[in-house]
Amino acid sequence: MADSIPTVDLSPFFGEGNEDGKKKAKEVISQACSQYGFFQIHNHGVPLELLNRALELSKTFFGYSDDVKCKSSPGSGAPLPAGYNKHPEHSPDKNEYMLMFPPGSGFNVYPENPPEFKEVLEDVFSNLTKIGSLIENIVNECLGLTPNFLKEYNHDRSWDFMAALRYFPATETENNGITEHEDGNCVTFVFQDQVGGLQVRKNGEWIPVTPAQDTLVVNLGDVIQVLSNNKFKSATHRVVRPQGKSRYSYAFFYNLHGDNWVEPLSKFTKEIGEEPKYRGFLYKEYQALRMRNKTHPPAKHEDVIHITHYGITS
């Protein structure tokens, strides 16, 4: 179907010898990434029972009173506020979320209840980190980079983060969950409950991503778009809230350490006679600007910072 998001079977990457399956998967991923930056994966190795348990526990946690949830409010010093957060009232984004960094990170602030929430969150995080490494390697191959280039460039996992999210039910007049945007990081993984609401922009149209129990949604972020000088696209997406029910989901951000320098690689610029489409930047500066979009939402939508902030106009 022209209006659906391709699903890729990852099982060839977990065994030996299925070169044909790997080749087919990489062709689908390359095409999706060069057009709109979105695809889905199944047979990804993350246990379905674990993902379902994580959704159940987040539903329990978000059902507590604000007083209880706010006991897990963020401390200071983290690259992003770890712990429980809710968008300010005047924000166009209508959700609350629980954010964490890798297991063992000193930034993490876990809720005491439900009792097994911490353990399940850490288990999900570890599983998705492994999948992040695999997809990064596949993207590396699809871009024709030297083996392990992205792995070595992006070797520090301490800025990876994950959010458990609850989107509030839509009102009669308003249904925005998250405004249309691209992610700032390298690769994002999403799993959502059966309510749905995630939409991807493909060829100028919004395509709903239908929830499927055994499937993870994958989208590329701005870092890959900049490194590849727009060869691969950072996916534009949004969440539309349904009426009458909350939507629960998780988003895992396979990120880049803040001290990394980001600019178009010479393979996609001077080696092929192309001008760079972006000026270089320190990743933590961009992440701080994007966080400000959330904490201090601009009055005008056009004042929201995107990767175009670093764009070079020819």
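Definitions and limits used
Residues numbered from 1 in each chain as written. Predicted model: local features only at pLDDT ≥ 70, side-chain atom pairs only at ≥ 80, totals over all residues. Heavy atoms only, no water. Helix = DSSP H or I, 4+ residues; strand = E, 2+ residues; numbered from the N terminus. Buried < 20%, exposed > 50% of the residue type's maximum accessible area, 1.4 Å probe, protein only. Contact = heavy atoms within 4.5 Å. Areas by Shrake-Rupley, 256 points an atom, 1.4 Å probe, with all protein chains shown as cover. Polar contact = N/O pair within 3.5 Å; in protein donor to acceptor, adjacent residues only side chain to side chain. Phe/Tyr/Trp six-rings, centres within 6.5 Å; stacked < 30°, edge-to-face > 60°. Lys NZ or Arg CZ within 6 Å of the ring centre and 35° of its normal. Axes fitted to C-alpha atoms, helices over the stretch in contact; angles between N-to-C directions. Parallel < 35°, antiparallel > 145°, perpendicular 65-115°, else oblique. Left-handed = near helix turned anticlockwise from the far one by under 90°. Nonpolar A, V, L, I, M, F, W, Y, C, P; charged D, E, K, R; others polar. Core = buried A, V, L, I, M, F, W, Y, C linked by side-chain atoms within 4.5 Å. Expected span 1.5 Å × (residues − 1). UniProt positions renumbered as here; feature names shortened; annotations may be inferred. Pairing = 2+ DSSP bridges.

### Some remarks on the overall build of the protein
Scanning the protein from N- to C-terminus turns up seven helices and 14 strands. Projected onto its principal axes, the C-alpha coordinates of the protein cover approximately 55 × 45 × 40 Å. Looking at the protein as a whole, 52% of its 314 residues are labelled buried. Nonlocal contacts in the protein, meaning residues at least 24 apart in sequence, comprise 77% of its contacts between residues at least 6 apart. When the accessible surface of the protein is split by element, carbon and sulfur atoms take 50% of a total near 14700 Å².

### Notes on the environment of W159
Mapped onto the secondary structure, W159 falls in the loop between α5 (149-153) and β5 (161-167). You can call W159 buried: its relative accessible area is 13%. Residues W159 and W206, 47 residues apart in the sequence, show an inter-C-alpha distance of 30 Å. At 3.4 Å, the side chain of W159 and the side chain of H257 are in polar contact.

### Here we look at the packing of aromatic side chains
Evaluated as defined, the whole model comprises 14 aromatic pairs. Arranged with centres 6.0 Å apart and planes meeting at 75°, the rings of F61 and Y84 form a pair that is edge-to-face. Remark: Y84 occurs in strand β3 (residues 83-86) and F61 occurs in helix α2 (residues 48-62); sequence separation between them is 23 residues. Plain terms: the ring middles of Y286 and Y310 are 5.6 Å apart, the flat faces sit at 80° to each other, and that makes the pair edge-to-face. You can see Y286 sitting in helix α7 (residues 283-295) and its partner Y310 sitting in the segment after α7, a full 24 residues away along the chain. Within the aromatic cluster, the residues linked to one another by ring pairs are F61, F62, Y64, Y84 and F117. Here the guanidinium or amino end of R157 rests over the ring plane of Y254, the centre of that ring lying 3.9 Å away. In this structure, R238 packs its charged tip against the face of W206, placed 4.1 Å from the ring centre.

### Side note on the environment of K26
Mapped onto the elements, K26 comes out in helix α1 (residues 19-35). K26 sits 116 residues away from C142 along the chain, and the two C-alpha atoms are 6.4 Å apart. Contact partners of K26, with chain neighbours within four places excluded, come to F13, I138, E141 and C142.

### Focus: the packing of α2 against helix α4 (residues 117-142)
As a packed pair, α2 and α4 sit with axes 10 Å apart at the nearest point and diverge in direction by 135°. Between α2 and α4, the interaxial angle falls into the category oblique. Crossing of α2 against α4: the hand is left-handed. Between α2 and α4, the residues in contact are L50, R53, A54, L57, S58 and F61 and F117, V120, D123, V124 and N127, respectively. Class assignment for the residues of the contact of α2 with α4 results in seven nonpolar, two polar and two charged.

### Points about the nonpolar core
The biggest cluster of nonpolar side chains holds 90 residues, and the ones touching the most others in it are I41 and I135. Considering each element in turn, this core owes the most residues, 12 residues, to α4. Setting aside its immediate chain neighbours within four residues, I135 contacts L10, F39, I41, V187, F189 and V218.

### Some thoughts on α7
Side chains of residues three or four places apart in an α-helix project in the same direction, reflecting 3.6 residues per turn. A rise of 1.5 Å per residue sets the reference length of α7, with its 13 residues, at 18 Å; its end C-alpha atoms lie 19 Å apart and thus fit the reference within 8%. The secondary structure elements touched by the buried residues of α7 are β4 (95-100), β5, β6 (176-181), α6 (222-227), β13 (261-262) and β14 (281-282).

### Remarks on the UniProt feature "domain: Fe2OG dioxygenase" (unreviewed entry) in the protein
Here the UniProt-annotated "domain: Fe2OG dioxygenase" (unreviewed entry) positions come out as residues 158-256. Secondary structure content for residues 158-256 is 6% helix and 45% strand, and the end C-alpha separation is 9 Å.

### Regarding the sheet that holds β3
The sheet built from eight strands is open, its strands ordered β1-β2-β10-β7-β12-β5-β4-β3 with mixed pairing. Bordering the open sheet on either side are β1 (7-9) and β3, each of which pairs with just one other strand. Neighbour-to-neighbour, the strand axes of the sheet open up by a mean angle of 25°, direction not taken into account. Summarising the sheet, strand β2 (residues 38-42) and strand β10 (residues 216-220) pair through four bridges and their orientation is antiparallel. Counted as the bridge partner of F38 is N219 from β10. Each of β2, β4, β5, β7 (187-192), β10 and β12 (247-254) is contacted by α4, which is oriented at about 50° to β12, the strand it contacts most.

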